[in-house]
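# Residue-level structure breakdown
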Number of protein chains: 2
Amino acid sequence: MITNFNKSEFIQKIQANCDRINIKKFSKGENVTTYIENRNQLCIVLKGEVDLIRYDFNGNKTIIGHFTENDIFGEVFYPANTNNELFVEAKKNSEILFILYENVLNRCKKTCPFHDELYSGMADMVLQKVIELNTRIELLTKRNTRDKLLSYFDILSSNRLNKTITIPFSYTDLADYLSVDRSAMTRELGHLKEEGFIRKVGNTITLLY
Amino acid sequence: MITNFNKSEFIQKIQANCDRINIKKFSKGENVTTYIENRNQLCIVLKGEVDLIRYDFNGNKTIIGHFTENDIFGEVFYPANTNNELFVEAKKNSEILFILYENVLNRCKKTCPFHDELYSGMADMVLQKVIELNTRIELLTKRNTRDKLLSYFDILSSNRLNKTITIPFSYTDLADYLSVDRSAMTRELGHLKEEGFIRKVGNTITLLY
DNA sequence: ACCAATCTGTTGCAAATGCAACAGAAAAAA
DNA sequence: TTTTTTCTGTTGCATTTGCAACAGATTGGT
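Residues numbered from 1 in each chain as written. Chains lettered and ligands numbered in written order. Predicted model: local features only at pLDDT ≥ 70, side-chain atom pairs only at ≥ 80, totals over all residues. Heavy atoms only, no water.

So, about the environment of P168(B). Residues and elements named next belong to chain B. Assignment of secondary structure puts P168 in the loop between β8 (164–166) and α5 (171–178). For P168, a relative accessible area of 29% puts it in the partly exposed group. A sequence separation of 12 residues divides P168 from L156, and the C-alpha atoms of the two residues are 9.7 Å apart. Those residues in contact with P168 that lie beyond four places of it in its chain are E49, H66, Y152 and L156. (Helix = DSSP H or I, 4+ residues; strand = E, 2+ residues; numbered from the N terminus. Buried < 20%, exposed > 50% of the residue type's maximum accessible area, 1.4 Å probe, protein only. Contact = heavy atoms within 4.5 Å.)

Let us look at the protein's contact with DNA strand C. Taken together, 17 residues lie near DNA strand C, and T172(A), K200(A), N144(B), T145(B) and D181(B) sit nearest. Sugar and phosphate atoms form 47% of the subset of DNA strand C atoms that lie within 4 Å of the protein. Within the side chain of K28(B), a nitrogen or oxygen atom sits 3.4 Å from a phosphate oxygen of DNA strand C. Elements represented by at least two residues in the surface near DNA strand C include exactly α5 (171–178) and α6 (182–194) of chain A together with α6 (182–194) of chain B. Broken down by class, the residue content of the surface near DNA strand C amounts to three nonpolar, seven polar and seven charged. (Near = heavy atom within 4 Å. Polar contact = N/O pair within 3.5 Å; in protein donor to acceptor, adjacent residues only side chain to side chain. Nonpolar A, V, L, I, M, F, W, Y, C, P; charged D, E, K, R; others polar.)

A few words on the pairing of strand β2 (residues 41–47) of chain B. All names here are of chain B. Taken across its seven residues, β2 has six buried, putting it largely inside the fold. One ladder, built from six bridges, connects β2 with strand β7 (residues 94–100); its direction is antiparallel. Note on β7: the bridge partner recorded for I44 is L97. (Pairing = 2+ DSSP bridges.)

The subject of this paragraph is the sheet that holds strand β5 (residues 72–73) of chain B. Residues and elements named next belong to chain B. Strand order in the open sheet formed by four strands is β1-β7-β2-β5, with antiparallel pairing between adjacent strands. The open sheet has two edge strands, β1 (22–26) and β5, and neither has a second partner. The sheet contact formed by β1 and β7 spans five bridges and is antiparallel. Paired with F26 across the strands is S94, a residue of β7.

What follows covers the nonpolar core. I14(A), M122(A), I14(B) and M122(B) are the most contacted members of the largest nonpolar core, which totals 90 residues. For I14(A), the contacting residues outside a window of four places in its chain are I21(A), I44(A), L97(A), F114(A), L118(A) and M122(A). Of all hydrophobic cores here, the second largest spans 22 residues; its members include Y152(B), A175(B), L178(B) and M185(B). (Core = buried A, V, L, I, M, F, W, Y, C linked by side-chain atoms within 4.5 Å.)

Right, let's talk about the interface of chain A and chain B for a bit. Facing the 46 residues of chain A at the interface are 45 residues of chain B. If you look at where chain A meets chain B, you find four salt bridges. Here D176(A) ties to R143(B) by a salt bridge, and the two come within 3.7 Å at their closest N and O atoms. Applying the counting criterion to the chain A and chain B interface returns 13 residue pairs in polar contact (both at pLDDT 80 or more). (Salt bridge = Lys/Arg side-chain N within 4 Å of Asp/Glu carboxyl O.)

This brings us to the protein's contact with DNA strand D. Neighbouring DNA strand D are 17 residues; N144(A), T145(A), D181(A), T172(B) and K200(B) lie closest to it. Looking at DNA strand D alone, sugar and phosphate atoms form 48% of those within 4 Å of the protein. With respect to DNA strand D, the side chain of R187(A) contributes an N or O atom lying 3.1 Å from a base nitrogen. In this structure, a base nitrogen belonging to DNA strand D sits 3.0 Å away from a side-chain N or O atom of R182(B). When contributions to the surface near DNA strand D are tallied by element, the ones reaching two or more residues are α6 of chain A together with α5 and α6 of chain B.

Put simply, helix α3 (residues 115–140) of chain A and helix α3 (residues 115–140) of chain B touch, their axes get as near as 9 Å, and they point 25° apart. As far as their axial angle goes, α3(B) and α3(A) are roughly parallel. Where α3(A) crosses over α3(B), the two elements pack in a sense that is left-handed. Here α3(A) contributes Y119(A), S120(A), A123(A), V126(A), L127(A), K129(A), V130(A), L133(A), N134(A), R136(A), I137(A) and L140(A) to the contact with α3(B), which in turn contributes Y119(B), S120(B), A123(B), V126(B), L127(B), K129(B), V130(B), L133(B), N134(B), R136(B), I137(B) and L140(B). For the contact of α3(A) with α3(B), the residue count by class is 16 nonpolar, four polar and four charged. (Axes fitted to C-alpha atoms, helices over the stretch in contact; angles between N-to-C directions. Parallel < 35°, antiparallel > 145°, perpendicular 65-115°, else oblique. Left-handed = near helix turned anticlockwise from the far one by under 90°.)

This paragraph deals with the relation of the copies chain A and chain B. Mapping chain A onto chain B calls for a screw motion: a turn of 180° about the axis and a shift of 0.0 Å along it, with 0.0 Å RMSD after fitting. Accordingly, the operation relating the two chain copies is best matched by a two-fold axis. A symmetric contact is evident, with 96% of the interface residues of chain A recurring at the interface of chain B. (Least-squares fit on C-alpha atoms with pLDDT ≥ 70 in both.)

What follows concerns the sheet that holds strand β10 (residues 204–207) of chain B. Residue and element names in this part refer to chain B. With respect to topology, three strands assemble into an open sheet ordered β8-β10-β9, the strand pairing being antiparallel. Of all the strands in the sheet, just β8 and β9 (198–201) have a single pairing partner and so form its edges. Averaged over all pairs of adjacent strands, the angle between their axes in this sheet comes to 20°, without regard to strand direction. Each of β8, β9 and β10 is contacted by helix α4 (residues 145–160), which is oriented at about 105° to β8, the strand it contacts most.

Our next topic: the domain arrangement of chain A. All names here are of chain A. When its domains are assigned, chain A resolves into domain 1 (7–135) and domain 2 (142–207). Each of domain 1 and domain 2 has a C-alpha centre, and the two are 27 Å apart. Between domain 1 and domain 2, the residue contacts involve eight residues of the former and six residues of the latter. With both sides pooled, the region where domain 1 packs onto domain 2 buries about 630 Å², and carbon together with sulfur makes up 57% of that total. Our count for the domain 1 to domain 2 interface comes out at one salt bridge. K91 is the partner of D173 in a salt bridge, and the nearest nitrogen-oxygen pair spans 3.0 Å. Inspection of the region where domain 1 meets domain 2 yields two residue pairs in polar contact (both at pLDDT 80 or more). Those elements that place two or more of their residues in the side of domain 1 that touches domain 2 are β3 (49–55) and β4 (61–68). Per element, the largest residue contribution to the side of domain 1 that touches domain 2 is four residues, and it comes from β4. (Domains from an automatic or database assignment. Buried area = accessible area lost by both parts, 1.4 Å probe.)

This is how it looks when you write it as structure tokens:
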């Protein structure tokens, strides 16, 4: 990040200082989308995990985004005219903070002392989101399943500063996230193992290179 | 967009009101990257077209982004640790505006009357960038070449409100943009033509559905 | 503890894609 | 204008991927 912005600290401050927010709880498997009244809402995951999902006309599922604690998402980030319906599904029991984008743009009370901080913190979060999205684009532009897997492992590994990583998905979902066929992906994981690139135990992968 | 934000108007205002900006001209084919002194710079295309390009270790080229008039780009938007080198190349004679992200965050003079507008305009531009990136992600998550082409055409078509579109790329570059093999893409374009989905004359495509 | 649902690994086969190579068209440079 | 370079369309072939189906493992619910 550009600034030494502390996301989780900022999110706590919002909860303490802003009275325009709304917090809702969702059970595992619940569809979050139906509770989003307004496109112009920013949503922040306080606890749990949610996936942003698209089903195309063939019934293919794609995990457009996977959000965990302190991640931000929302329809604000998507073109209004999209012909695909997007769903947000809680993968675990989750707690989501909602705030209208208008409330970030416009000061609620003339005197609200927190507003400047809210505004610039949100700007930082959106910039961080841009970086995430570009990372995802780098992943998706990889030409084949092998390169997607290796890039994905690299990203996780460099985030956690560890050659051994735990995949935060089921393999079924990982395939949907990388936008490849699950069986083909399993096959490719097998090849990577045989060729000595990785060690694989359950959903724990160790990079051997 | 959320607000009725006018991007080109805003960009003109920056040029008229902010003295912290820097404008440079680039000739077709020139590498813009080498002129970017600072990662923390926002770059806006005033005139012309530039591509953001990655070459992987196999020499495969990917067009990560294609930017035209009023588009914003910059290394600020990319993770600092990326092991791929990114290049920005002018595809036409171009004019680029540079502004340090610090100058957006921090008021230059205590009294600068333009600063609030600069800040909120930039926030709008970054939000718009998020939408663009999500659109691109939707494209890249399509499972096969046909769906990528059709989605790409759809996006162009709905942007221009016209069933007939002109591709702003050479076909070679379009393949790099969609992250597919060029010859396979040409083949697929042929099928789409045969099957009556599109009409194709040069780089003009008409959607027939 | 049981049953149901989901996930995982696997395989054969069909289809799609990538790769390499080439010739003519088009565009850029000289 | 001529020459050189890049772009486009095409094809054969090897490889990768997707699809369908299945059995065993794992997980979740009751």
